[in-house]
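Observations on the model geometry
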Amino acid sequence: KLNFTRNFISKYPHMITLDRIDYALLRLLRKNARLPNKDLAEKVGIAQSTALERVRRMREDKILLGYHAEIAPEAIGVGLQAMVSVRLAKHSRALLDGFHQHLLSLPEVLACYHVAGADDFLAHVGVRDSEHLRNFTLTALTERDEVAHIETRLIFEFQRNVELPVRSDAPA
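Reading the values: the criteria
- Residues numbered from 1 in each chain as written.
- Predicted model: local features only at pLDDT ≥ 70, side-chain atom pairs only at ≥ 80, totals over all residues.
- Heavy atoms only, no water.
- Helix = DSSP H or I, 4+ residues; strand = E, 2+ residues; numbered from the N terminus.
- Contact = heavy atoms within 4.5 Å.
- Expected span 1.5 Å × (residues − 1).
- Buried < 20%, exposed > 50% of the residue type's maximum accessible area, 1.4 Å probe, protein only.
- Arc of directions from axis to C-beta.
- Salt bridge = Lys/Arg side-chain N within 4 Å of Asp/Glu carboxyl O.
- Axes fitted to C-alpha atoms, helices over the stretch in contact; angles between N-to-C directions.
- Parallel < 35°, antiparallel > 145°, perpendicular 65-115°, else oblique.
- Left-handed = near helix turned anticlockwise from the far one by under 90°.
- Nonpolar A, V, L, I, M, F, W, Y, C, P; charged D, E, K, R; others polar.

1. Some points on unusual backbone geometry
The phi dihedral of Lys62 is positive, around 65°, even though this residue is not glycine. Structurally, Lys62 can be placed in the loop between helix 5 (48–60) and strand 1 (80–88).

Here's what the structure looks like:
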């Protein structure tokens, strides 16, 4: 247990140093990354310069990894979304890394998850329609030698949770 704790702290030192103000800033930014610094500071009850410095530090410490726009799928021609489970025939670091890079190179792939269990990857895909989904799964997945099995689940509704997942020991 001690080795795990040491490894965790060395890999994620920022998780030890976040205080309640950092968590408050993160919660607000998770809900609205475009919130002006003035409003951010006011809502947390700190000076604007303090808010600016803390957000800068969290970016530098790789706690804040980026800011993203939520785009209406229909506006960019995505009429159908699905989760595609992929099971590989063989498992080696080279095959896993290569397939992962292949998934990330496909414009239809909105998100990619390397998972444990019966399947190796979950790909969240966005396509025009069912014909596009069929062609995508056949061409981009089942025609590849390393793919043993795929299973596709249609997504009827998707909504991102804007709440910050909290560790049980995180400051309130």
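2. Structural notes on the environment of His102
For His102, the location among the structural elements is in helix 6 (residues 93–105). Leave out the neighbours within four places in its chain, and His102 touches Ala140 and Arg144.

3. Observations concerning helix 6
For helix 6, which comprises 13 residues, the first-to-last C-alpha distance of 18 Å matches the rise-based estimate of 18 Å (1.5 Å per residue) to within 8%. The complete set of buried residues in helix 6 reads Leu96, Phe99, His102 and Leu103. Projected down its long axis, helix 6 carries its buried residues within an arc of 125°, all on one side. Facing away from the buried side of helix 6 by more than 90 degrees, the exposed set consists of Arg93, Ala94 and Ser105. Of the surrounding secondary structure, the elements contacted by the buried residues of helix 6 are strand 1, strand 2 (109–114), strand 3 (121–127), helix 7 (130–142) and strand 4 (147–155).

4. Re the pattern of salt bridges
The final tally for this structure, using the stated rule, is 12 salt bridges. The closest approach of N and O atoms between Arg57 and Asp61, which form a salt bridge, is 3.9 Å. Among the residues examined, Arg57 registers a relative accessible area of 23% and is labelled partly exposed. Linking Arg153 and Glu151 is a salt bridge whose minimum nitrogen-to-oxygen distance equals 3.0 Å. Within this structure, Asp19, Asp22, Arg54, Arg57 and Asp61 form a network of salt bridges that share partners.

5. Observations concerning the packing of helix 3 (residues 20–31) against helix 4 (residues 37–44)
Contact pair helix 3 / helix 4: the axes reach a minimum separation of 10 Å and the direction vectors enclose 130°. Taken together, the axes of helix 3 and helix 4 are oblique relative to one another. The two elements helix 3 and helix 4 cross, and the hand of that crossing is right-handed. Between helix 3 and helix 4, the residues in contact are Ile21, Ala24, Leu25, Leu28 and Leu29 and Leu40, Lys43 and Val44, respectively. Per-class residue counts for the contact of helix 3 with helix 4 are seven nonpolar, no polar and one charged.

Distances and angles like these do not, on their own, reveal function.
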